[in-house]
Amino acid sequence: MESLPKICVDTTDAFMTTERFGTREEVIRWIKKVGIDNKVTVIISRSDTETGKRGRSNKIIFGCDKGGKHKISDSGTQSASKKCGCPFKIRSTPAKDGSGWKIDVKCGLHNHGLPDRLEGHSFIGRLTTDEKQHVVDLAKRHVAPRNILLSLQDKFPENVTRITQDDSEVVKEIFWAHPDSVKLLNIFPIVLVMDSTYNTNKYRQPLFEIVGMTSTELTFAVGFAYMESEQTENFCWVLEKLKELFVKKDMCPQVILTDRDLALMKVIEVVFPNSINLLCRFHINKNVGAKCKQHVVNDLQKTIDTLWMEVVWASDEVEYGQRLHQLEQACVDYSGFINYVKDTWLTPHRHRFVGAWINRVLHLGNTTTNRVESAHWKLKQMLGNSIGDMVKCWEAMNNNLRLQLGNIRASFQKSFYEVEHAHVSPFYGYLRGSVSRAALRRIAEELLRVDYVGTNRQICGCTLRTSYGLPCACELGRYRVGGIPIPIDAVHVHWRKLTMEVELEIGEDDGSEVDMTAAMDELWRRFRSLDVIGKRALRSRVCELAYPTMTTLCPPPEKIKTKGGVKKKGKKPADYDVYKDHSYHEYVDKASQSSQRQSQPSQTSKKIKLSKKQPQFIVQFPNHIRSYIEDVVNVESDGNCGFRVIASLHGYGEDGWSMVRRELGLELIDKDRSTLYDKLFSNRLSAVRESLMIESFGSQPPEKWMSLPDMGYLIANRYNVVLVCLGNPCITFFPMTSSHSPNVSIYCIGFVNQNHWVQVNMKEGFPLPPVTLDWKKFCSHIATTWMLGFAGRMQHWQLLTPVLA
C-alpha cells in the first residue's frame, strides 16, 4: 500500500513570546487564548508546585489534546479517541531573575491538521461565567435546553457549546456525608484513603468511598458517592463536594491514598493541588507479581519478587539505585518484565510508593488502601445483598456509621483514662492521658531501637518522625541521655486529639461562607422581579431544598436483574463481570484458574446435584469447630508459611513475612519482657532466637519453621492480639503482660498436613480452645483478665469437645 503523506503544522511563532507573567494563572489564560485564536486546543499535561521538598519545583507542561496514544480495549463497544501522538509541547517555569513566569516552546509542531472551527469540542465548549448565568436565568423559566442553546448562540456568537445531556430528572450522582463524619474530617484531615467498590446496589453504579484515620488509628467514613461512571468529570464532582466539607478555605488533606486510577489521580491534582497522592503498595506488588508470573520462569520468580520488594522498601535514594540495579541484573533476560516495572511504575510513580520518597511524607502509616477496602467489606456485610435501592443503601451506611462512631468515642475514652503497663514509666509522664495509646505503642516500639541507634540520625533514618509525626529513635535517645520525659510538643497534634466533642472553628476569612443573609436578600429580590412562570420555577427549586422528601428527582433505572438464576437467553459470558474492572493480577489469576479447569475432564454428561464446596483443609480440623469456619486461606509453602499467615493477618500482606520474623526477634529482646522469656523458654531461649534468624531468602529448613507454643507467646505479646491455633492440640494464646480488651483482634491459624500453616477465617463469637499450662504459670496478674473476658467462649469449647470426642 502506498504510504500516506505526513501532516506537519507549525505553530511555533504563535506561541513564541518574551513576555513575563506574574502568576501561573496568567500563563494558563494566555496560552489557552493563543491556542483558541490558532484553532489549537491546549491542555495541561503536567504541573508541579514547589513545596520545599527535594524534586518539587514550579512548572507547567502544556500539550495538545491530541497528544498521547490511543488505548485499544477489547470491550467490543464502539469507541473513538482524539489521541494521535501529537508532539506539541510548551514548558513554563519562573525565570531565575525573578521577573515572572517565562514560556519556552519545546516543540510547536502538530502531526495533524487544525480545524476551521472548534464547534462541538468538549474543552472549548465550556461555558464562561456570563454564559453560565444566562443558562441559569433561562433554566429558571423552564426554557427547553434546545432553546437555551439557540439563545446562547444569539447572545454569544463565539460560543461553540452543544447539548450533551438529556432533559430527565434521574439521579446520576449522589454524595452522602454524616454530620459527625464532617466533624471528624475537620479534626483529622491529614490522610484520606479513597477507592471504589462494586456490587452494592440494583442500579449497578460504583460506590466511591472516602475514609480517614483518627488519633487512635480507627477508620472513620468521610463520605460516600454513587457515580454514573468513573470518568474524570464524575471524580471531579465528588471531590469538589468533598472540598466543601472543610470549614476552612486553606484546609486540605496532606496525603490522599488511592489505587493507580489515572482519572482520579488527575482530578486530585486539580482539586487538591497541595495534597500528595500516594499509591497503594499492596495492589502495585500484586500487579508486579502477576506480570512476573507471565514473563519469568518458575525458578526465578521468588528471587525476583524478593528483589522487587527490596526496591519498594529502599530507605533512601542511594539504596534505591543499588536495589534497582540488582533487579535489572536479575532480569537481564526478561526485558518485557523489567520494562513493564520501570515504564508503568518506577519512572512515573516511584515517588508515590517507594520508601525512599514516601518515608518523608506524613502518611501516618497508611501505604495501602487496606483501610478503605476493610470499610467496603463492613458496609457490604451491613447491606447483605446487591439488590437494594438508594434508601436501603443509605440505611446501611447510616447503621455502619453509628457503630463506627461508638467505637471511636470508646477508643478516645480508653486513651484518656486507661494506661497500658508498658507506658507507666516516668519517661511517658507528659504523654499519658494526652496522647492516644496507639501513638504510645509506636513510641514504645521505637524505643527498642535506641540501644543500637543512640543519637545518630544517619543510623536512625528518622522515619517515625517524618512519616508519623512521632519522636524517632535518635530523638528518644537524646531524651534518655538527658534524663527527661518525652515532651508533649514532640508528638504531632494529630495524636493529641482525643475527643470529637468540639466546635469547629471557622477562619476569619471563612465567616462569610456560612452567612446566608445576603443570599436570602438576593433571593427575595429576584423572586419579586420575576413573572409568574419564573416565580413558580424558583419556588420549585427552593422547595426541593426546604422539603427534600418532596423532590421530583427519580432514582436511576435498574440496569440488571441480580436476583435469581441466569436465563439461557442472554447468558453472560463466563469471564464477564458487570461490576468490576479487574486489576491486572486478577486477570492473570483468572486466566490461570481457567486453564486449570480446561485441563480437567468434562463432567457435563453427569447431572448430579453437588453439595456446597467446603473450604480447603477443613476436614483436618476437629469436627466440633468445622461449622464455625468460614474459609481457609492457603499461603506459599516455603518454610516461612507460618510467618506469612501472621503477616497477612496483621495487614502486612503475605510477602511481609520477613518483617514478622524481625519483629518477633525484637520482641524476644524486649527489656520489659526479657525476664518473662528467660523463665518461659529457660535453656531453649537461644534456640528460639536462632529459629527466627535466616541467612537467605527462599525455602527454609525445618529448624527455621514457625513452631508452637514458642512463637504463639511471642506473637500474642508483640501484637497484643489473641492467637488461636487449630491443630493437634488446639491452643489459645493471650497476651501475657496486658489486660483484657473487648476490641482485641483475634488471629486464627491452622496446622495441616503435619507441615504447613494456613489462615483460618472464623465466624463471629466462635469457641476458644484452652491456654497452655505455661501461660497460666508465667503470665502477669493483670493478664488473667483475658481468661475472665473470654470465659464464656472457652466454656463453650469445653462443652462441645466431650460430645464429639
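Notes on the structure follow. (Residues numbered from 1 in each chain as written. Predicted model: local features only at pLDDT ≥ 70, side-chain atom pairs only at ≥ 80, totals over all residues. Heavy atoms only, no water.)

**Brief notes about the packing of helix H9 (residues 298-312) against helix H11 (residues 335-353)**
So, step 1. Relative to each other, H9 and H11 sit at 25 degrees, their axes nearing to 12 Å. Here H9 lies roughly parallel to H11, going by the angle between them. Note on packing geometry: the crossing formed by H9 with H11 is right-handed. Together, Ile304, Trp308, Val311 and Val312 of H9 and Phe337, Val341, Leu346 and Phe353 of H11 make up the contact between the two elements.
So, step 2. Split into classes, the residues belonging to the contact of H9 with H11 amount to eight nonpolar, no polar and no charged. (Axes fitted to C-alpha atoms, helices over the stretch in contact; angles between N-to-C directions. Helix = DSSP H or I, 4+ residues; strand = E, 2+ residues; numbered from the N terminus. Parallel < 35°, antiparallel > 145°, perpendicular 65-115°, else oblique. Left-handed = near helix turned anticlockwise from the far one by under 90°. Contact = heavy atoms within 4.5 Å. Nonpolar A, V, L, I, M, F, W, Y, C, P; charged D, E, K, R; others polar.)

**Some details on the environment of His423**
So, step 1. Secondary-structure assignment places His423 in the loop between helix H14 (390-417) and helix H15 (437-447).
So, step 2. The class of His423 is buried, set by a relative accessible area of 2%.
So, step 3. Beyond its immediate sequence surroundings of up to four residues, His423 is in contact with Tyr428, Arg432, Arg437, Leu440, Arg441 and Ala444. (Buried < 20%, exposed > 50% of the residue type's maximum accessible area, 1.4 Å probe, protein only.)

**Focus on the pairing of strand S4 (residues 89-94)**
So, step 1. Where strand S3 (residues 59-64) and S4 come together, four bridges link them in antiparallel fashion. For Ile61, the partnering residue across the bridge sits in S4 and is Arg91.
So, step 2. In this sheet, strand S5 (residues 101-107) lies alongside S4 in antiparallel orientation, the contact comprising six bridges. The partner of Pro94 across the bridge, within S5, is Trp101.
So, step 3. Linking S4 to S5, which pair antiparallel, is a turn of six residues; within it Gly98 sits at a positive phi near 80 degrees. (Pairing = 2+ DSSP bridges.)

**So, helix H27 (residues 685-692)**
So, step 1. Buried within H27 are the following residues: Leu685, Val688, Ser691 and Leu692. Down the axis of H27, the buried side of the element spans an arc of 125 degrees, and every buried residue falls inside it.
So, step 2. Turning to H27, the residues buried within the fold contact helix H24 (641-649), helix H25 (657-668), helix H26 (674-681) and helix H28 (710-719). (Arc of directions from axis to C-beta.)

**Focus: the sheet that holds strand S15 (residues 731-733)**
So, step 1. Strand order in the open sheet formed by five strands is S13-S17-S16-S14-S15, and the pairing between neighbours is mixed. The strands lining the two open edges of the sheet, one partner per strand, are strand S13 (629-633) and S15. Each neighbouring strand pair of the sheet contributes to a mean axis angle of 30 degrees, computed without reference to strand direction.
So, step 2. Relative to strand S17 (residues 756-762), strand S16 (residues 746-752) runs antiparallel, the two being bridged by four bridges. Bridged to Phe751 within S17 is Trp757.

**A look at a positive patch on the surface**
So, step 1. A contiguous patch of positive charge, built from Arg20, Arg46, Lys89, Arg91, Lys96 and Lys102, is present on the exposed surface.
So, step 2. Given a relative accessible area of 36%, Arg20 falls into the partly exposed group. (Patch = residues over 30% accessible without salt bridge, like charges linked within 9 Å, V, L, I, M, F, W, Y side chains within 5 Å. Areas by Shrake-Rupley, 256 points an atom, 1.4 Å probe, with all protein chains shown as cover. Salt bridge = Lys/Arg side-chain N within 4 Å of Asp/Glu carboxyl O. Lys, Arg positive; Asp, Glu negative; His and termini not counted. Charge placed at Lys NZ, Arg CZ, Asp CG, Glu CD.)

**A few points about the environment of His376**
So, step 1. With respect to the element layout, His376 can be found in helix H13 (residues 370-383).
So, step 2. On the basis of relative accessibility, which here comes to 4%, the residue His376 falls in the buried class.
So, step 3. Expressed as a C-alpha distance, the spacing of His376 and Tyr198, which sit 178 residues apart in the sequence, is 9.2 Å.
So, step 4. Setting aside residues no more than four positions away along its own chain, His376 makes contact with Asp195, Ser196, Thr197 and Glu209.

**What to know about the pattern of salt bridges**
So, step 1. Throughout the structure, instances matching the rule amount to 24 salt bridges.
So, step 2. One salt bridge in this structure joins Arg409 and Asp180, with 3.8 Å as the shortest N-O distance. Taken as a pair, Arg409 in helix H14 and Asp180 in helix H5 (residues 179-187) lie far apart in primary sequence, 229 residues in all.
So, step 3. The partly exposed category is assigned to Arg409, whose relative accessible area is 33%.
So, step 4. A salt bridge links Glu420 to Arg437; its shortest N-O distance comes to 3.6 Å. Of the two residues, Glu420 is situated in the loop between H14 and H15 and Arg437 in helix H15; the sequence distance between them amounts to 17 residues.
So, step 5. Relative accessible area serves as the criterion here: at 14%, Arg437 is assigned to the buried category.
So, step 6. A cluster of three or more residues bridged by salt bridges with shared partners is formed by Lys302, Glu636, Asp638, Arg644 and Glu654.

**Some remarks on the pairing of S3**
So, step 1. Across the six residues of S3, six count as buried, placing the element largely inside the fold.
So, step 2. Burial along S3 is two-sided: the residues Lys59, Ile61 and Gly63 and Ile60, Phe62 and Cys64 are all buried.
So, step 3. Pairing analysis gives six bridges linking strand S2 (residues 42-48) to S3, with the strands arranged antiparallel. In the sheet register, Ser47 faces S3, and the bridge partner there is Ile60.

**Re the environment of Trp495**
So, step 1. Here Trp495 lies in the loop between helix H19 (473-482) and helix H20 (517-529).
So, step 2. For Trp495, a relative accessible area of 0% puts it in the buried group.
So, step 3. The spacing of Trp495 and Glu217 is 278 residues in sequence and 9.1 Å in space, taken between C-alpha atoms.
So, step 4. Excluding its chain neighbours within four sequence positions, the residues that come into contact with Trp495 are Met213, Ser215, Glu217, Leu364, Ser434, Val435, Ser436, Ala439, Tyr468, Gly469 and Leu470.

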